[in-house]
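Examining the three-dimensional arrangement
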Amino acid sequence: MDALASLAQGFEIALTPTNLLFVFIGVLIGQVIGALPGIGPAAGMALLLPVTFGMNPTTAIVMLTGIMYGGMYGGTLTSVLVNVPGEASSVMTAVDGHELAKRGRAGAALSIAAIGSFLAGVGAVSILVFATPVLATFGLRFSSPEFFLLALLGLTATASLRSGSMVKTLIVAAFGLMIAMIGTDPIAGTDRLTYGQLALIDGLDFLPIAIGIFGVAEVLVSLERLEDVKPIKMRLRDLMLTKAEWLLCRKSIARGGTVGFLVGVLPGAGPTIAAFIAYILERRFSPNPAQFGHGALDGVAASESANNAAAHAGLVPMLGLGIPAGAGSAVLMSALVLQGIRPGPMLMTEQPGLVWGLIASMFVGNVMLLALNLPLAPVFASLLRVPYAYLAPPILVFSLVGAYATTSSMFTVGVALLFGAIGYIMIKANLPRAPLVLALVLAPLLESSLRQSLTFSQGSPMIFVERPISAVLLVVVLLTILSPIFAAVRSHRRRRVTQIPAEPAEIAR
Amino acid sequence: MAVAIAVMLTALVALLGTGDLPYFLVDEVPGPAFLPLLIGGVAMLLGAVLLIQSLRGGEDDELDWPGKAGARRIVLCAVALITLAAAAPFLGLVPGFVLFLLFMLLVVERRAFWPSVLTTVMTMALVEGVFIQWLGISVPYGPFGF
């Protein structure tokens, strides 16, 4: 009941004219960014971070969060109408959504995606209302050893849960930690890895790195192929769903939303993995599994519900424990730090207005997005006719001026460009970028809590085993590291067994 | 393989860069070199694992290079960005951005003249309105007074 009373106060904050305006601005920008291939919500949030300087912290955070989940709605448009996922988490929507569009059912695909996203988003926020305070209360029992292992878990779980090479993910995370070490040692006060450069004394700011890795790099990749897209035409009346389509999809939305929330809460998993798992699971439950890949409306419903639920669920560890679940919540955390607010379990008690205002704003934001996506879908669809070639250079300009705004120095512009080049190479080499950003955000917590723990224990690592919560966390960390290794070894052995040729006597028979 | 070598070199730079810093301070307090040495060591190990995987043919880390037209656009864009960053303190940030936008739209992307000019005007209006006027960001001015 405390949670509901707090939520009511949150609504009082979220429904002020200023916050309503900025929720609308955030979800609108998120919708547009999500629809545009070549730039994702994390890049959009990083680009707009400088705009939040001097804003009220709650207003800044509700706007940035609006971009994050607004991007999930926007990614559907290009997926369905152009067969190009506007956002990575809309890949499965592109598979079936575009097939539906070719058959004249683009409106149905867009409708069910919007309705599914709305219901799953509201459901996820409702669970967040009760889960976050419980997690924060539990987090108050944490001390340095637990925070160190939690930060480490944030990095190892990212490596364990992402598809693709675990080694590459850990390498990127280690690289991020090394970058974070540049500057002044927080305890001893000595220069570290500055190589005598004055500009590096304060370390490398998060913002120009994020702008470079996400904004600049993604635009560079998009410049490789600049064909003008021709979206399939769609009319307002096409958005109506038939009764049969709604009956087919309502359970898909429930299943997708549940999977999305459970996956989204885990650090490193994120909306993309959630959408994929929900799609695969839905194929098992669908009355028409053969339709999957050829225009399955329930497939679209499940994946879109999952990605939006996951985007909201990622805020549970961030608000409750101060551990970001993905790139978007990492940018949000850095926004909190820039506003002078310390993320962590104390956030709910030290800044209740901000936390509950944010949670209430997500209900409001989802209502706004439903209104934007249903009747205004043809309007957003017309934006897709603007050639990307006219958008790419302005995005680069906004990226660089945003980087400059951090310190009013061309040095940060140089940092953004350098990391833009690094981000481009990472995309080409199939290296995930989110672990780098996660590592940058978690590094201060990781280092300070590790050094404090070892100081308390006078150098003994047993402190991580003697405390019950940290012992459990240590086991979980080891599992996240070892289970993919065991899986890889088992898979390698299975492949070797199937390749062993039969004995000559058996062949002769 | 290139990724593995790059990581190992970066780790080596980090390890050498903290070589003269103390690993521990007094009373077993971890010093400034503690975590860089730990992270550098882990990165070296991971780099070695990736290198072995590459040599065994298990990891496909070939870079997906763009075609000729795409490579041209990227190289020109990179040159334009570096030139902008170098020239902006002398030319002014706003004139620098204008020239960058026109170069990208007309030369790199070979777009039509008037839509490119319109795009440039609208972009700079947003930069001026949002960043310079509203947020009050002080940008480098050039010889033209803006």
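Let us look at the structure shown here. (Residues numbered from 1 in each chain as written. Chains lettered and ligands numbered in written order. Predicted model: local features only at pLDDT ≥ 70, side-chain atom pairs only at ≥ 80, totals over all residues. Heavy atoms only, no water.)

**Remarks on the overall build of chain A**
The condition that has to hold: Counting from the N terminus, the helices are the DSSP runs of H or I reaching at least four residues and the strands are the DSSP runs of E reaching at least two. Atoms counted for the radius of gyration: C-alpha only. Globule rule: 2.2 Å times residue count to the power 0.38. Contact criterion: two residues are considered in contact whenever any of their non-hydrogen atoms come within 4.5 Å of each other. What sets the accessible areas is the Shrake-Rupley method with a 1.4 Å probe; for residues, cover comes only from the shown protein chains. Note that His is not counted, nor are the chain ends; the positive residues are Lys and Arg, and the negative ones are Asp and Glu. Here the site of a charge means atom NZ of a Lys, CZ of an Arg, CG of an Asp or CD of a Glu.
Scanning chain A from terminus to terminus reveals 23 helices and two strands. Taken over C-alpha atoms, the radius of gyration comes to 23 Å for chain A, in line with the 23 Å a tight globule of 509 residues would show. Considering only C-alpha atoms, chain A reaches an extent of 85 × 70 × 50 Å along its principal axes. Relative to all contacts within chain A whose residues are 6 or more apart in sequence, the contacts with residues 24 or more apart total 78%. Of the roughly 19600 Å² that chain A leaves accessible, carbon and sulfur atoms contribute 66%. The averaged location of the 24 negative side-chain charges in chain A is 10 Å from the averaged location of its 30 positive side-chain charges.

**A word on helix 8 (residues 166–180) of chain A**
In plain terms, the rule: How far a helix is expected to stretch is found by multiplying one less than its residue total by 1.5 Å. To sort residues, take the accessible area from a 1.4 Å probe on protein chains only and compare it with the maximum for the residue type: under 20% means buried, over 50% means exposed, and anything in between is partly exposed.
In a regular helix each residue adds 1.5 Å, so 15 residues correspond to 21 Å; helix 8 of chain A covers 21 Å between its end C-alpha atoms and thus fits that length. Within helix 8 of chain A, 13 of the 15 residues are buried, which leaves it mostly tucked inside the rest of the structure.

**Thoughts on the interface of chain B and chain A**
This is how it is decided: A quick way to say it: buried area is the sum, across both parts, of accessible area lost when two parts are put together, with a 1.4 Å probe. For this analysis, a polar contact is any N or O atom pair within 3.5 Å, provided that within protein one partner can donate a hydrogen and the other can accept it, and provided that sequence-adjacent residues contribute only side-chain to side-chain pairs.
Taken together, the 66 residues of chain B in the interface contact 57 residues of chain A. Summed over both sides, the interface between chain B and chain A buries roughly 5200 Å², with carbon and sulfur atoms accounting for 79% of that surface. Per-residue buried area on chain B facing chain A is highest for Leu35, Arg111 and Phe131 of chain B; these three make up 12% of the total on that side. The tally of links from chain B across to chain A stands at seven residue pairs in polar contact (both at pLDDT 80 or more). Only helix 1 (2–17), helix 2 (34–56), helix 3 (68–91), helix 4 (93–108) and helix 5 (113–134) of chain B provide two or more residues apiece to the side of chain B that touches chain A. No other element matches helix 2 of chain B, which puts 12 residues into the side of chain B that touches chain A.

**Details of the environment of Ala371 of chain A**
With respect to the secondary-structure elements, Ala371 of chain A resides in helix 16 (residues 352–373). Note: C-alpha distance between Ala371 of chain A and Phe118 of chain A (253 residues apart in sequence) is 10.0 Å.

**Brief notes about unusual backbone geometry**
Residue and element names in this part refer to chain A. Notably, Ser408 is not glycine yet its phi reads approximately 55 degrees, a positive angle. Structurally, Ser408 is set in the loop between helix 18 (392–407) and helix 19 (410–428). One non-glycine residue, Gln458, adopts positive backbone phi at about 55 degrees. Its place among the elements puts Gln458 in the loop between helix 20 (434–456) and helix 21 (463–466).

**Considering the packing of aromatic side chains**
Residue and element names in this part refer to chain A. What counts, and what does not: The pairing test for Phe, Tyr and Trp rings, Trp by its six-membered ring, is centres within 6.5 Å, and the orientation test on the planes gives stacked under 30 degrees, edge-to-face over 60, and tilted for anything in between.
Scanning the model with the defined rule gives six aromatic pairs over all chains in all. A ring pair is formed by Phe142 and Phe147, whose centres lie 5.8 Å apart and whose planes are at 75 degrees; its orientation type is edge-to-face. Feature note: the residues Phe138, Phe142 and Phe147 constitute an aromatic cluster, connected by ring pairs.

**Details of the pattern of salt bridges**
Residue and element names in this part refer to chain A. Note the cut-off: When a carboxyl oxygen of Asp or Glu is within 4 Å of a side-chain nitrogen of Lys or Arg, the pair counts as a salt bridge.
For the structure shown, the criterion picks out 11 salt bridges over all chains. Between Lys102 and Glu99 there is a salt bridge, with the nearest N and O atoms lying 3.3 Å from each other. Highlighted residues: Lys102 and Glu99, both in helix 5 (residues 91–102), separated by three residues, approximately one helical turn. A relative accessible area of 26% means that Glu99 is categorised as partly exposed. One salt bridge connects Asp185 with Arg451, and the closest N-O pair in it is separated by 2.5 Å. Separated by 266 residues along the polypeptide, Asp185 in the loop between strand 1 (183–184) and strand 2 (191–192) and Arg451 in helix 20 bring together distant segments of the chain. Both residues of the pair, Asp185 and Arg451, count as buried. Where salt bridges share partners, they join Asp185, Arg192, Glu447 and Arg451 into one cluster.

Interpretation in functional terms is not warranted from these geometric data alone.
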